[in-house]
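So you can see what is in the structure, the chains are spelled out below.
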Amino acid sequence: MGRLSWTFQQVNVDAALTPNEIVQKLLPTLDRARRLTRLGTLLDSPKHREVQLCIFLDEVNTSSYMGVFKELIVDRRLNGVDLPDNVVVIAACNPARDKLGLSEAIVRREELGKEWAMGHYQVHPLPKSIEQLVWDYGALTDKQEEEFVEKR
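Since the structure is predicted, the reported quantities are computational estimates derived from the model, not experimental observations.

A. Quick look at the nonpolar core. Of all hydrophobic cores here, the largest spans 25 residues; its most connected members are Leu 26, Ile 55, Leu 57, Phe 69, Leu 72 and Val 89. Among the elements of the structure, α1 (19–43), β2 (53–58), α3 (66–75) and β5 (87–91) are those that each provide at least two residues to this core. Looking at this core, the element that brings in the most residues is α1, giving six residues.

Set out below in structure tokens:
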């Protein structure tokens with residue numbers, strides 16, 4: 001089988017991403033998945049029928065629109081429309097921190113700089129329906145996190 005470099009789509013999620021922008025980013029991949037399914041049937045082609053398209057949502061819980069992602073990941077729908085069977089949705093999320101008190105927030109800002117204070121690294125708790133699907137790979141150490149912020 002030839003190289004199918006278009007079988008993987010990464011969507012970088014951030015706090016500014018709107019539900020409409022999420023849909024617009026995903027539509028080309030969903031359309032491609034539907035075309036492959038039709039081609040597989042029309043051509044009686046296992047090559048087309050067996051291709052799966054993966055949508056990878058990175059830092060999914062930095063968005064305020066967790067309902068959209070819950071619909072994608074748990075319900076396998078987008079705007080109430082079922083995803084094609086040949087689409088797989090996976091997501092990466094960051095651990096949500098407990099709410100910080102004022103003095104803790106000041107210390108955190110001093111540790112990580114203005115990027116964190118502006119909300120670039122704030123994450124939201126996952127809905128319970130997504131939370132049960134989480135596979136925990138652990139967390140960065142404080143030093144690793146500081147290095148990441150400095151390099152970014």
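From this point, the narrative continues.
B. Spotlight on the sheet that holds strand β1 (residues 8–12). Taken in spatial order, the three strands make up an open sheet running β1-β2-β5, and their pairing is parallel. The sheet is open, and its two edges are formed by β1 and β5, each paired on a single side. Taking each pair of neighbouring strands and ignoring which way they run, the sheet shows an average axis angle of 20°. For β2 and β5, the ladder comprises five bridges, and the chain directions are parallel.

C. Main features of the packing of aromatic side chains. All told, the structure shown has one aromatic pair when counted by the stated rule. Taking the centre distance of 6.2 Å and the plane angle of 25° together, the rings of Phe 8 and Phe 56 count as stacked. Of this pair, Phe 8 sits in strand β1 while Phe 56 sits in strand β2, placing them 48 residues apart in sequence. Among the residues examined, Phe 8 registers a relative accessible area of 46% and is labelled partly exposed. For Phe 56, a relative accessible area of 17% translates into the label buried.

Definitions and cut-offs
- Residues numbered from 1 in each chain as written.
- Predicted model: local features only at pLDDT ≥ 70, side-chain atom pairs only at ≥ 80, totals over all residues.
- Heavy atoms only, no water.
- Core = buried A, V, L, I, M, F, W, Y, C linked by side-chain atoms within 4.5 Å.
- Buried < 20%, exposed > 50% of the residue type's maximum accessible area, 1.4 Å probe, protein only.
- Helix = DSSP H or I, 4+ residues; strand = E, 2+ residues; numbered from the N terminus.
- Pairing = 2+ DSSP bridges.
- Axes fitted to C-alpha atoms, helices over the stretch in contact; angles between N-to-C directions.
- Phe/Tyr/Trp six-rings, centres within 6.5 Å; stacked < 30°, edge-to-face > 60°.

Geometric descriptors of this kind do not, in isolation, establish any biological role.
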